[in-house]
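Structural description and commentary
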Amino acid sequence: MEAYQPIAWHTLTAAEALARVGGAAEGLTAEEASARLARDGPNRLPEPRRASLAMVFLQQFRSPLIYVLVAATSISAALGRWSDSVFVLVVLLVNATLGAAQSWRAETSAAALNKTLAIIPTVLRDGRRTTVPVETVVAGDVVLLESGAAAPADLRLLSTEQLRVDESLLTGESEAVEKDATRLAPEAAALGDRLDMVFAGTVVMTGRASGVVCAVGERTELGGIAESLAGPGAKPPLLLRMEALSRRIAVATLVIVVLLAAIQILQGAPFADVFLLAVALAVSAIPEGLPMAITIALSVAAARMVRRGVIVRRLPAVEGLGSCTLIATDKTGTLTENRLTIERLWLPGAVGFEVTGEGLDLVGGLTPAPGERQSEVEALAVAGVLSNEAALTVRGEAIQASGDAVDVAFLVFGAKLGMERRALQEAAPLRAEIAYEPERGYSAALHVRGDALEVSVKGAPERVLPMCSPSDWDDAALAADGLAAQGYRVLAVATGPATWDGEALAPEHLHDLRLLGLVGLIDPLRAEAPAAVARCREAGVDVRMITGDHPRTAQAIFRQLDPAHTAQRIVTGAELKGLQGAELEQAILTADIYARVEPSQKRLIVEALQRGGHFVALTGDGVNDAPALQAAHVGVAMGASGADVARSVADLIITDDNFASIVNGVEEGRTAYDNIRKIVWLLISTAIAEILLFLLAIVTGVPMPLTAVQILWLNLVHEGVQTAALALESSEPGLMRRPPRSPREPIFDRLMIEQCVLSGVYIGLVGFGLFWWLTEVAGYDTFAARNLLLLFLVLFDNAHVLNCRSERRSVTQVSWRANPVLIASMVGAQALHIGAMYMPGLKDVLGLQPVSLLEWGGVLGLAATIILVAELYKRLRVPGLLGRTMGAAPVHAGA
């Protein structure tokens, strides 16, 4: 394929590159693009080879404790104890199978997520702008780039306008590079010096451009190093803390186990028995499965978030979103529908019009009747259509639009007046333009009209009015303020002759213009937004609005959004520029609305809020939001309208750009943290119980309560399944009425320590008491006593897992239907143990035998007492806890 031969594309002119790749300035036809895709294959980077299922299975044995178990099994076999060896081996295989299934499922989910996050480039097909999946981009496609877009392939630039590109992914240079389609480079030029090229994966920071695709997939510069870029991601901080905790517990447990083993040997017990028992006790008591259980809990929450419109890019964000004390949110598209419509006009002379009509109906509803001012309305519409980067296609009643919502609104307005953009551009050809950037606040287009050059400008009134005659300023500024107070987004439109030197159109060319009028655009509030904000308030989560809109517009929207919050304090970006030190901090901390804010000021706001004691979640959608998204504790990018770079740095992506989805994510994050605490409670309390059980046996001189294989049966077969099932618990009632917890709050707070110690000590004491009574009083031999004790502990686990379903509510208040998997795991564990009592071979290895109904009822009743103990503890301890956690949210500095 000629297009993919080693060619120094940066040495060719734009015309030569188009000819070489077989393209055209107006792009490929859809038919030709399909043919090339079939010939060349999809535009995908080489992916690192995924481990096979067999390799994933083998990786489950990479654990020090597993190594010890394997060694113990080998020693046991060498001593002729084949039954114990076979049993341990079977347990290890079952455990590895379950772990491999979980890991394989997680990798499959990650691969699906990567596809979800793929960029969606804009290309020219059949002469029209359209978006296509990145995999379908082919050599010869003409790609259109703008701020925030990532290049889908290697491009030879055809045109550029103030284009700056972040190439740090390839070159390591953090400084954005200014690109120019006309600047050819020598053949030996380094990547960073090829100014007429844009490479796959690099991100447009500012400006606009078009370029022809000259390499796709593995043939791109990025494709050549894709293997080196792939690597394992960092572990979540919570998981690291739990792994550290597990290690500390492991050290303490091993010390205790070694002491117990030494005492046993000194008492004359056979070394082989003591060794296998010590290994089994260590495996049972050390909560090695805790990090995996936490990963499962976070993964379950992430999957639930996806169903509620939130894609989790980084697992720590699951927990982090549940901890946030403040959400700083954009207005447009997040709180509103991002469906701008021109509804009001103001013309010089203080004449106002209301635009009515649906779809593409003619604007017959201008009131008062426009009369002689119709021409002025049309002139305003023409200027807005010419200074425009959007695309609008009308086919019958179907309307297809792409581009900025403001630009689309002007195209629709022009269509209502019978104007068509292409016809206007043919009558007034474009010569130069200034693209809209948030910091700039306006866009401009220079056209040839007859023998003269004419410029059309639209943008924020405070940016456009200084370009116009001073006689227009006062009335227009007053009208703009009035429209903004009614909740309209206000733009000024102006036109006039231009002095132009033939180079790039610049701000100094825009002066002495004629103000055509003001436009009031309305963006309806999302119907669910007020309820979502009310939920945040109830949950103790503050909501702040950051917008580029006029302060009066922002206040009007916020008043609709949060009518109960009457003290709506506003600070503008201009005011922030004039403040420093403590005054700046105070202004940011006490404001509810940040209006006319430049994107570069978002990070300043976020950092001040963090210093004020808030755990901040921030929404963003533009390329200039990336620094603030990275600085926030939880960065939330918009999936539908967000720039590629914003999505790439964010922790979470909202698929529908809806604020209510963020609030749903807060709920799922809190649920995940609750479930992690439940898992910790179950694992640590049972570990305490098992250590105490054996410690008491050695101190009192009674036989070991359980054999090694019985301990492994209890720990790996029963507790492991129930631990994973706890991760599926649903949200507790009142979850969103609690204030946020402090992110620095340890899982092992006083409540967790108390309930783990109480449960573990009680289970250990009662278990030992039962074993001692059976052997010393009731006359049971050791075999029969161990059989009943193991049944008792299985029942104990099943009863205690019911306690762990809630730290606050009674067992009777938690619906059995809320987690059918947990109930099934309890039934399954019990059925498995009953089956083992009757299964030839297995019952001999485990030392089991059937029991009478009287014995069954006795140990069942004894095991159920753990529920009474936990219920009593909740009744005595938790009301005080609820009094603290269910009250008003703590007041943060500046809140």
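Refer to the structure printed above.
Residues numbered from 1 in each chain as written. Predicted model: local features only at pLDDT ≥ 70, side-chain atom pairs only at ≥ 80, totals over all residues. Heavy atoms only, no water.

A few words on the overall build of the protein. Tallying secondary structure elements over the protein gives 30 helices and 24 strands in all. A burial count over the protein gives 53% of its 895 residues as buried. Once local pairs closer than 6 in sequence are excluded, the contacts in the protein between residues at least 24 apart make up 72%. Total accessible area on the protein is roughly 37,800 Å²; 59% of this is exposed by carbon and sulfur atoms. (Helix = DSSP H or I, 4+ residues; strand = E, 2+ residues; numbered from the N terminus. Buried < 20%, exposed > 50% of the residue type's maximum accessible area, 1.4 Å probe, protein only. Contact = heavy atoms within 4.5 Å. Areas by Shrake-Rupley, 256 points an atom, 1.4 Å probe, with all protein chains shown as cover.)

Our next topic: the pattern of salt bridges. Counted under the stated rule, the structure contains 32 salt bridges. Put simply, E585 and R611 hold a salt bridge, and the shortest N to O gap is 2.4 Å. Of the two residues, E585 is situated in helix 20 (residues 581-590) and R611 in helix 21 (residues 600-611); the sequence distance between them amounts to 26 residues. Residue E585 is classed as partly exposed on the basis of its relative accessible area, which comes to 22%. On the basis of relative accessibility, which here comes to 53%, the residue R611 falls in the exposed class. Each of R308, R535, E667 and E668 takes part in one network of salt bridges that share partners. (Salt bridge = Lys/Arg side-chain N within 4 Å of Asp/Glu carboxyl O.)

This part takes up the pairing of strand 22 (residues 616-620). Among the 5 residues of strand 22, 5 are classified as buried, and the element is accordingly described as predominantly covered. The alternating pattern of strand 22 places V616, L618 and G620 on one face and A617 and T619 on the opposite face, and all of these are buried. By the bridge criterion, 3 bridges tie strand 9 (residues 326-330) to strand 22 in an arrangement that is parallel. Bridging from a neighbouring strand, A328 pairs with L618 of strand 22. In terms of strand pairing, strand 22 meets strand 23 (residues 634-638) through 4 bridges, oriented parallel. Within the sheet, the bridge partner assigned to T619 lies in strand 23 and is V636. (Pairing = 2+ DSSP bridges.)

The next subject is the sheet that holds strand 20 (residues 570-572). With mixed pairing, 8 strands are arranged side by side in an open sheet as 8-24-23-22-9-19-21-20. Each edge of the open sheet carries a strand with a single partner, namely strand 8 (310-312) and strand 20. Looking at each pair of strands side by side, their axes are set apart by 20 degrees on average, direction ignored. Where helix 21 meets the sheet, its contacts fall on strand 9, strand 19 (542-546), strand 21 (593-595) and strand 22, and the angle it forms with strand 22 comes to roughly 165 degrees. (Axes fitted to C-alpha atoms, helices over the stretch in contact; angles between N-to-C directions.)

Checked against the element boundaries, L728 lands in the loop between helix 25 (708-726) and helix 26 (750-776). Sequence separation between L728 and P820 is 92 residues, and the spatial gap between their C-alpha atoms is 9.1 Å.

Here we come to the side chain of R125. Position of R125 relative to the elements: it lies in strand 1 (residues 122-125). Residue R125 is classed as buried on the basis of its relative accessible area of 13%. Side chain to side chain, R125 and D141 meet in a polar contact 2.7 Å long. In this structure, R125 is in contact with L28, T29, A30, A33, T130, V132, T136, V137 and D141, ignoring residues within four places of it in sequence. (Polar contact = N/O pair within 3.5 Å; in protein donor to acceptor, adjacent residues only side chain to side chain.)

Glancing now at helix 18 (residues 551-561). Of all 11 residues in helix 18, 8 are buried; the element is thus mostly enclosed. Where helix 18 is concerned, the buried positions are P551, T553, A554, Q555, A556, I557, F558 and L561. Residues of helix 18 that are buried make contact with helix 16 (473-485), strand 17 (489-497), helix 17 (529-538), strand 19, strand 20 and strand 21.

All right, on to the packing of helix 11 (residues 316-323) against helix 24 (residues 659-700) then. Running from N to C, helix 11 and helix 24 point in directions that differ by 105 degrees, and their axes come no closer than 7 Å. It follows that helix 11 is roughly perpendicular to helix 24 by the angle criterion. Counted together, V318, E319, L321 and G322 of helix 11 and I662, G665, V666, G669, R670, A672 and Y673 of helix 24 form the full contact between these two elements. The residue makeup of the contact of helix 11 with helix 24, split by class, is 6 nonpolar, 3 polar and 2 charged. (Parallel < 35°, antiparallel > 145°, perpendicular 65-115°, else oblique. Nonpolar A, V, L, I, M, F, W, Y, C, P; charged D, E, K, R; others polar.)

Going through the model one piece at a time under the given rule, you end up with 2 aromatic pairs. Seen in terms of ring centroids, Y762 and F796 are 6.4 Å apart; in terms of plane orientation they differ by 90 degrees. Their pairing is edge-to-face. On the criterion of sequence distance, the pair formed by Y762 in helix 26 and F796 in helix 27 (residues 782-803) is long-range, its members being 34 residues apart. Residue F796 is classed as buried on the basis of its relative accessible area of 0%. Seen from their ring centres, F792 and F796 are 4.4 Å apart, and the 70 degrees between their planes marks the pair as edge-to-face. Taken together, the residues span about one helical turn, with F792 and F796 both in helix 27 at a distance of 4 residues. (Phe/Tyr/Trp six-rings, centres within 6.5 Å; stacked < 30°, edge-to-face > 60°.)

Before going further, it helps to spend a moment on unusual backbone geometry. Positive phi values are uncommon outside glycine, yet D126 reaches one of about 55 degrees. Its identity as a non-glycine residue notwithstanding, D512 has a phi of 55 degrees, on the positive side. Tracing the backbone through its elements, the reader meets D512 in the loop between strand 17 and strand 18 (514-522). By relative accessible area, which is 66% here, D512 ends up exposed.

What follows is about the side chain of N43. Inspection of the secondary structure assignment puts N43 in the loop between helix 2 (30-40) and helix 3 (53-59). Within the structure, the side chain of N43 is placed 2.9 Å from the backbone oxygen of P152, a separation counted as a polar contact. Beyond its immediate sequence surroundings of up to four residues, N43 is in contact with V134, E135, V137, P152, A153, V216 and G217.

Tallied over the full model, the rule gives 5 cavities of 30 Å³ or more. Size it by volume and the largest cavity reaches roughly 100 Å³. T686, A689, E690, I763 and L793 are the residues nearest the centre of the largest cavity, which is lined by 12 residues in total. For the lining of the largest cavity, the elements supplying multiple residues, two or more each, are helix 24, helix 25, helix 26 and helix 27. (1 Å grid on protein atoms, 1.4 Å probe; cavity = no way out; pocket = protein on both sides within 12 Å on 5 of 7 lines; lining within 4 Å. Points joined across faces, edges and corners; volume = space filled by probe spheres on them.)

What follows deals with the packing of helix 24 against helix 27. Contact pair helix 24 / helix 27: the axes reach a minimum separation of 10 Å and the direction vectors enclose 150 degrees. Comparing the axis directions of helix 24 and helix 27 gives the class roughly antiparallel. The way helix 24 lies across helix 27 gives a crossing that is right-handed. Of the residues in helix 27, those touching helix 24 at W681, L682, S685, T686 and L693 are L789, L793, D797, H800, V801 and N803. (Left-handed = near helix turned anticlockwise from the far one by under 90°.)

Turning next to the nonpolar core. Counting 104 residues, the largest nonpolar core has L321, I327, F659, F792 and L793 as its most contacted members. If near-sequence neighbours (up to four positions away) are discounted, F792 is found in contact with V766, G767, L770, V859, L862 and A863. (Core = buried A, V, L, I, M, F, W, Y, C linked by side-chain atoms within 4.5 Å.)

This part is about a nonpolar patch on the surface. On the surface, I753, V757, V761 and L765 cluster together into a nonpolar patch covering about 300 Å² of accessible area. Mapped onto the fold, V761 is located in helix 26. (Patch = residues over 30% accessible without salt bridge, like charges linked within 9 Å, V, L, I, M, F, W, Y side chains within 5 Å.)

Right, let's get into the environment of E690. Checked against the element boundaries, E690 lands in helix 24. Sequence separation of E690 and G767 is 77 residues, and the distance between their C-alpha atoms is 9.0 Å.

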